[in-house]
Amino acid sequence: MQNLVEIRRNIKQRQLFNNIFALVGLFIILVAILILLALTLRMFIDGAPRLNWGFFSNFPSRRAENAGILSAWIGTTLVMLVTAVAAVPVGVASGIYLEEYAKKNWLADLIEINVTNLAGVPSIIYGLLALGLFVYDWSLGESVLTAGLTLALLILPVVIVTTREAIRAIPNSLREAAYAMGATKWQVVQDHLLPYSFGSILTGVIIGLSRAIGETAPVITIGALTFIAFLPDSPIKSEFPFISFEWLKAPFTVMPIQMFNWVSRPQADFQVNAAAAGAVLIFMTLGMNAVAIYLRYQLRKGIKW
Amino acid sequence: MTQQVFSSVSTKKLSPKLIRNLKEKAIEIVLFIAASTSVATTLAIMFILLEECWFFFQEVSIFKFLTDTEWTPLFANPRYGILPLLSGTIVTSAIALFVAIPCGTIAAIYLSEFADSKLREIVKPFLELLAAIPTVVYGYFALLFVTPFLQKIFPELPGFNMLSAGLVMGLMITPFVSSLSEDAMRAVPALLREGSTAMGATKLQTALRVVFPSAISGISSSYILGASRAVGETMIVAVAAGLQPNLTLNPFSQGATITAFIVQVSLGDVARGTIEYQTIFAAGLTLVLMTLVLNIIGYYLAKRFREIY
């Protein structure tokens, strides 16, 4: 009898610990989500006085209330364009090679270990690489092209890993059916694997780009300017050949650098600008991530092998 | 004449099958070149860093670099001791891990063992979003939100301090730790849990004594990844911790990390060939070596504790 009471007490105690832990776990997660909401809200509230049309259409200025992010958001758009054009083909091609072509030998192992390690290299190191290699050795200067290529290298591992995962998820029976019909390897990749994995790869690319948009350190390292009161040359011309690539060589600034510049000024006025820029930046990255998460959710629902 | 020969050769030898095979081979080569860019990137990083450090260490002895207690390369009377930058990096990273490892682990255990799948589906995207916020935004948050808050508790806390930078960095790293640890724990076979539950263990006991030890390989590598992110994090510390190299382990003081120093120098105009230019590469090499050591430890831990089911 005595024993039974003790056992009951023991069970109660263990259940209590169990429940306390569950509450603590839930609490931590709720706090994390609350911080996310508070952070976003706080940015929007602090920045609200500046979030008007002029903020998007003005150049930076010495006077906080006239300063805007025109050169920053255009710079970000152009840099992202270069990043996407460089990272997507190379990343997807690497993923395809590693997953479908590579034989199991030391070379494939080397590339694989390398991709994993590159994902762990601090972003600022890419900035140093770009400063030494792109800016000086290749004389690309402190330009849109340099920044785009740097960020492309930075998100390459993300694109490679998602491509591989997407291709690996396609069942082998599909490949075998295509080979049985006499398709070559590339035909299998082009006509079957790529179309089926398109959605998942796109998700990975969006997540990679959303990371690149917020990266500040490597872009500072290659020498992006913080005060730019002009726009790069327009890519579209009225006379032949209508397209110009002069903008690739233009000096530039990007959103996170503009924000960093305003944060590091002592005047409170500029901190309002920083908050407004932060709000725009959060809106961009969260928006891109939301699209990616939604896409992934839809894909998971849609595909049943 | 040559035209004729050429066309006759091409009709005779380049049969559709051959063309097809050639095309396949060409595509494979192109794909291989794409895959090699990642190796080229690593080699280029090592080459660039070592090249500039070679010049740097001709001016400054390695012994001085590792033992001098002052880091003032931009002053008239420069001293090149990496220790103050190392202490800044270690203090901020330690605070960050002090937050991220317990919170991340508890969140992961909760999500993997306690939460039902509906809650998990809702919560996980939010945690992912938390990890996606640009770090310069976190820097703003640390400087203008967390520091004033901490100053209410510790009135003598300076406006720039390593404590608030570290805490916010921990917040940023928590989702990484929790999501990787959760993956590791979910990979533990259900049979082990069922066995434990059948013996009368509560969920918590099962989680702590069965699931956690079985997943320790994956969990430890999530900690290592968190640590290497903390060491390499730049903008939060550059904004909130001040840029004053300071050989101290006191989190209430200002400090500069290796990354913050690189940013500080890059903001000015540095010409190639000057010693200022070379210092940021020496600092960068130190950073790479630190993350390399972390990665090797992580690799060893993952191998040492791997359970095969």
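Bear in mind that the values here come from a model prediction, so they are computed numbers and not experimental data.

How each quantity is defined
- Residues numbered from 1 in each chain as written.
- Chains lettered and ligands numbered in written order.
- Predicted model: local features only at pLDDT ≥ 70, side-chain atom pairs only at ≥ 80, totals over all residues.
- Heavy atoms only, no water.
- Axes fitted to C-alpha atoms, helices over the stretch in contact; angles between N-to-C directions.
- Helix = DSSP H or I, 4+ residues; strand = E, 2+ residues; numbered from the N terminus.
- Parallel < 35°, antiparallel > 145°, perpendicular 65-115°, else oblique.
- Left-handed = near helix turned anticlockwise from the far one by under 90°.
- Contact = heavy atoms within 4.5 Å.
- Nonpolar A, V, L, I, M, F, W, Y, C, P; charged D, E, K, R; others polar.
- Domains from an automatic or database assignment.
- Buried area = accessible area lost by both parts, 1.4 Å probe.
- Core = buried A, V, L, I, M, F, W, Y, C linked by side-chain atoms within 4.5 Å.
- Buried < 20%, exposed > 50% of the residue type's maximum accessible area, 1.4 Å probe, protein only.
- Salt bridge = Lys/Arg side-chain N within 4 Å of Asp/Glu carboxyl O.
- Polar contact = N/O pair within 3.5 Å; in protein donor to acceptor, adjacent residues only side chain to side chain.

J.: How should I be thinking about the packing of helix α3 (residues 70-101) of chain A against helix α8 (residues 185-214) of chain A in this particular structure?
T.: Residue and element names in this part refer to chain A. Viewed as axis vectors pointing N to C, α3 and α8 meet at an angle of 140°, and their least axial separation amounts to 9 Å. Between α3 and α8, the angle is such that the two are oblique. The hand of the α3/α8 crossing is right-handed. Residues T76, M80, T83, A84, V88, V92, I96, E100 and Y101 of α3 form the contact with α8, whose own contacting residues are K185, W186, V189, L193, L194, I201, V205, L209, A212 and I213. Its residues assigned to classes, the contact of α3 with α8 shows 15 nonpolar, two polar and two charged.

J.: What is the right way to read the domain arrangement of chain A from this model?
T.: When the parts of a complex come together, some accessible area is lost, and that lost area is often used as the size of the interface. All names here are of chain A. Partitioning chain A into domains gives domain 1 (2-48) and domain 2 (51-302). Each partner contributes residues to the interface: domain 1 has seven residues there, and domain 2 has 10 residues. The junction of domain 1 with domain 2 conceals about 680 Å² of combined surface from both sides, 78% of it contributed by carbon and sulfur atoms. Taken as a group, M43, F44 and G47 account for 63% of the area that domain 1 buries against domain 2, more than any other trio of residues on that side.

J.: Can you help me understand the side chain of N289 of chain A in this one?
T.: Within the secondary structure layout, N289 of chain A lies in helix α11 (residues 268-302). N289 of chain A has contacts with I207 and S210 of chain A together with L129 and A132 of chain B, leaving out every residue within four places of it along the chain.

J.: What exactly am I supposed to notice about the nonpolar core here?
T.: One recurring pattern in soluble globular proteins is that nonpolar side chains are buried together. One finds F252 and M259 of chain A together with Y138 of chain B to be the most contacted residues of the largest nonpolar core, which totals 183 residues. Take this core: its biggest share by element is 14 residues, from α3 of chain A. Excluding residues within four positions of it along the chain, F252 of chain A makes contact with V79, E142, S143, V144, A147, V219, I222, A224, L225 and I228 of chain A.

J.: Just to check I follow, could you spell out the domain arrangement of chain B for this structure?
T.: Residues and elements named next belong to chain B. For chain B, the domain assignment lists domain 1 (2-59) and domain 2 (83-305). For domain 1 and domain 2, the distance between their C-alpha centres works out to 39 Å. Opposite the 10 residues of domain 1 that make contact, domain 2 presents 10 residues. In total, domain 1 and domain 2 occlude about 920 Å² of area from one another, counting both sides; carbon and sulfur atoms represent 82% of this. Taken as a group, L49, E52 and F56 account for 56% of the area that domain 1 buries against domain 2, more than any other trio of residues on that side.

J.: What exactly am I supposed to notice about the pattern of salt bridges here?
T.: Should the charged atoms of two oppositely charged side chains come close, the side chains can pair. Counted by the stated rule, this structure contains 16 salt bridges over all chains. In this structure, E99 of chain A engages R164 of chain A in a salt bridge whose closest nitrogen and oxygen atoms are separated by 2.9 Å. Here E99 of chain A, found in helix α3, pairs with R164 of chain A, found in helix α6 (residues 144-168); they are 65 residues apart in sequence, far enough to count as distant. For R164 of chain A, a relative accessible area of 11% puts it in the buried group. Among the salt bridges present, the one from E128 of chain B reaches R296 of chain A, with a minimum N-O distance of 3.0 Å. Taken as a pair, E128 of chain B in helix α5 (residues 117-132) and R296 of chain A in helix α11 lie in two separate chains rather than in one. For R296 of chain A, a relative accessible area of 28% translates into the label partly exposed. Bridged by salt links that share partners, the residues E99, E112, R164 and R168 of chain A form one connected network.

J.: Sorry if this is basic, but what is going on with unusual backbone geometry here?
T.: Backbone phi values are negative for most residues with the exception of glycine, while trans is the configuration of most peptide bonds. The residue S139 of chain A is not glycine, and still its phi comes out positive at about 50°. With respect to the secondary-structure elements, S139 of chain A resides in the loop between α5 (123-137) and α6.

J.: Help me out: how do you make sense of the interface of chain B and chain A in this one?
T.: Counting residues at the interface gives 73 residues for chain B, matched by 75 residues for chain A. Interface of chain B and chain A: buried area, both sides summed, is about 6,800 Å²; carbon and sulfur atoms make up 76% of it. Three residues, L31, Y110 and Y140 of chain B, lead the burial of chain B against chain A; their summed loss comes to 10% of the area buried on that side. If you look at where chain B meets chain A, you find three salt bridges. Note that D137 of chain A and R272 of chain B form a salt bridge whose closest N and O atoms lie 2.9 Å from each other. Summed over the shared surface of chain B and chain A, the result is 13 residue pairs in polar contact (both at pLDDT 80 or more). A total of 17 residues in the side of chain B that touches chain A trace back to one element, the largest contributor, which is helix α2 (residues 16-59) of chain B. Residues belonging to the side of chain B that touches chain A are distributed by class as follows: 51 nonpolar, 15 polar and seven charged.

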